[in-house]
Amino acid sequence: MIDDTPALPPELLLRVERLTMRFGGLTAVNDVSFDVRRGEITALIGPNGAGKTTVFNCITGFYKPTVGRLTLASKEGPLLLERLRDHQISRKANVARTFQNIRLFGGMTALENLLVAQHAPLMKASGLTVLGVLGIGGFNKAERAAIEKAKVWLERIGLIDRADDPAADLPYGDQRRLEIARAMCTEPVLLCLDEPAAGLNPRESLELNALLRSIRDQDDTAVLLIEHDMSVVMEISDHVVVLDYGKKISDGAPLHVRNDPKVIAAYLGVEDEEVEKVESEIAVEATS
Ligand SMILES: Nc1ncnc2c1ncn2[C@@H]1O[C@H](COP(=O)(O)OP(=O)(O)OP(=O)(O)O)[C@@H](O)[C@H]1O
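Please read all numbers here as calculations on a predicted model, not as lab measurements.

Here we take up the overall build of the protein. Each helix and strand in the protein was counted, giving 12 helices and 10 strands. Burial status across the protein gives 37% buried among its 288 residues. Long-range pairs, those at least 24 residues apart, make up 66% of the contacts in the protein with a sequence separation of at least 6.

What follows is the structure in structure tokens.
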């Protein structure tokens, strides 16, 4: 929905303002604001139960926020995501996501998984008619383009040789990258990844990092990810937002966040009144 919402500054893709999500008496996300900039990888981190997945679910339309505004820049003007249904967020706002658990079609080949992702443009090209699917009009052309795009992505994730293998037969790390490629076949402006590095071995983790960097650098797609693996966060993120008990406690460059006493305290489970002590300990460490 486009309305009289002011346009975002050109460098911003998404602005989250005062997002609050309550489940009955529980406030899972409490007055959280942050920006996602174009051409960047933004990481959302925080201890278990901090509210990260809930923020994702609000951005991708799985939940309707209790309070807050989520403005996404689109070619047609600013879109207010909180007013869109989840299918509109994927189709109209062009936001794609992956989940903590892999959701590929295991019985379909790697190539077929990437073609299914392009179902919407193919159906549009068919004009939603049998004649269209049989090759009249632009369907054949659109089908060739879809296969071409799928091949490009299979090359990019190093799986072109396994194009015809069922997705379920691929190693776990390959399935993760295939899932990301599937999301990328929809040409999203924002790619939301929920713990993409979970369960990966060190080699697979490096391959994932390279893929995410290539998406940031080569595609017109900003990446927002939830991640527990700090080495991944520190290695590839341009911007880190930290939540704790539903509130934002830090926001900035990876180095800034890593040295933020509030973040260290949250991860170590330190009480609020001890934060100052942690702060002074860090200062001593830094000077020694
Ligand atoms: N649908 C729901 N109904 C009730 N409570 C919920 C619901 N979804 C999340 N919560 C609660 O909201 C809080 C935040 O959960 P959330 O899953 O967003 O945290 P998280 O930071 O993603 O945690 P984790 O790292 O463990 O995945 C938790 O206390 C959780 O139990």
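That was the structure; now back to the text.
Below, the discussion takes up the domain arrangement of the protein. Each assigned domain of the protein is listed with its residue range as follows: domain 1 (1-94 + 187-253) and domain 2 (105-185). Residue-level contacts link 16 residues of domain 1 with 10 residues of domain 2. Only β7 (190-194) and α8 (202-218) provide two or more residues apiece to the side of domain 1 that touches domain 2. A per-element tally of the side of domain 1 that touches domain 2 places α8 first, with six residues. Considered class by class, the residues forming the side of domain 1 that touches domain 2 number eight nonpolar, four polar and four charged.

Surveying the vicinity of the ligand reveals the residues Phe23, Leu26, Ala28, Gly46, Asn48, Gly49, Ala50, Gly51, Lys52, Thr53 and Thr54. Elements that contribute at least two residues to the shell around the ligand include exactly β2 (26-37) and α1 (52-59). Per element, the largest residue contribution to the shell around the ligand is three residues, and it comes from α1. For the shell around the ligand, the class distribution of residues is four nonpolar, six polar and one charged.

Conventions used here
Residues numbered from 1 in each chain as written. Predicted model: local features only at pLDDT ≥ 70, side-chain atom pairs only at ≥ 80, totals over all residues. Helix = DSSP H or I, 4+ residues; strand = E, 2+ residues; numbered from the N terminus. Buried ≥ 20, exposed ≤ 12 C-beta atoms within 10 Å, placed from the backbone. Contact = placed C-beta atoms within 7 Å. Domains from an automatic or database assignment. Nonpolar A, V, L, I, M, F, W, Y, C, P; charged D, E, K, R; others polar. Near = placed C-beta within 6 Å.

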